[in-house]
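Geometric and topological summary
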Amino acid sequence: MKTSVARATAVAGMGFALIAGLAATPASANSSGWWTSPGGRAEGFYNSMNGRVYAGDLRVDGYAAITQVRTAKNGYFVVDVRDKGARDGGSWKTPTLYKGVRFKMRVCVYKDGHAPTKCGSWHEFDK
């Protein structure tokens, strides 16, 4: 019994250390930074190491997550990544982002057939 409790405590500690390490990673290092929708219902980010844009639905509440990426200068569509499965590890796409172009990203929640709602603010980043 004590061994299983010790293992569970060690695993939980490692998970917290990983999350704390990711949160402490500067946005310019290899991503846009982690962003969330108001109320912490959805999260998203861009990782320049693998070129993926991620979306993650964090709550079982009838809403899904969407991460939207546009060009910062003109607001042209780049990609929308949707994740409909709450707490399932998220979804991702690999859009073509060009160096020298500035992008903006926001994270929202939505219901099928409706526009995104409860959106975080737009955050700018470079590839």
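The subject of this paragraph is the nonpolar core. The biggest cluster of nonpolar side chains holds 11 residues, and these are Tyr46, Val53, Ala55, Val69, Val78, Val79, Val81, Leu97, Phe103, Met105 and Phe125. Secondary-structure elements contributing two or more residues to this core are β3 (52–57), β5 (77–83) and β7 (102–110). Ranked by the residues each element gives to this core, the list is headed by β5, at 3 residues.

Another aspect to go through is the confidence of the model for the protein. Confidence along the protein averages 81 in pLDDT terms, with 76% of residues attaining 70 or more. Segment residues 1–29 is flagged for pLDDT under 50; beyond a separation of four residues in sequence, or across chains, it makes 4 contacts in the model.

A few words on the side chain of Asn47. By the element assignment, Asn47 lies in strand β2 (residues 42–47). With relative accessibility at 13%, the residue Asn47 sits in the buried group.

Before going further, it helps to examine the environment of Cys108. Tracing the backbone through its elements, the reader meets Cys108 in strand β7. For Cys108 and Gly120, which are 12 residues apart along the polypeptide, the C-alpha to C-alpha distance reads 6.3 Å. Cys108 has contacts with Ser37, Ala42, Ala64, Ala65, Ile66, Gln68, Pro116, Thr117, Lys118 and Cys119, leaving out every residue within four places of it along the chain.

Bringing the sheet that holds strand β6 (residues 91–93) into the picture now. Taken in spatial order, the 4 strands of this open sheet run β1-β2-β3-β6, and their pairing is antiparallel. Only two strands of the sheet have a single neighbouring strand rather than two, namely β1 (35–36) and β6. Alignment of β1 against β2, held across 2 bridges, turns out to be antiparallel. Residue pairing in the sheet places Thr36 in a bridge with Glu43 of β2.

Right, let's talk about the pairing of strand β4 (residues 64–71) for a bit. In terms of burial, β4 is a largely internal element, 8 of the 8 residues being buried. With 8 bridges joining them, β4 and β7 adopt antiparallel strand pairing. Bridge pairing in β7 links Thr71 to Phe103. Pairing geometry for β4 and β5, over 6 bridges, is antiparallel. The residue of β5 that forms the bridge with Arg70 is Phe77.

About the criteria used
Residues numbered from 1 in each chain as written. Predicted model: local features only at pLDDT ≥ 70, side-chain atom pairs only at ≥ 80, totals over all residues. Heavy atoms only, no water. Core = buried A, V, L, I, M, F, W, Y, C linked by side-chain atoms within 4.5 Å. Buried < 20%, exposed > 50% of the residue type's maximum accessible area, 1.4 Å probe, protein only. Helix = DSSP H or I, 4+ residues; strand = E, 2+ residues; numbered from the N terminus. pLDDT = per-residue confidence, 0-100. Contact = heavy atoms within 4.5 Å. Pairing = 2+ DSSP bridges.

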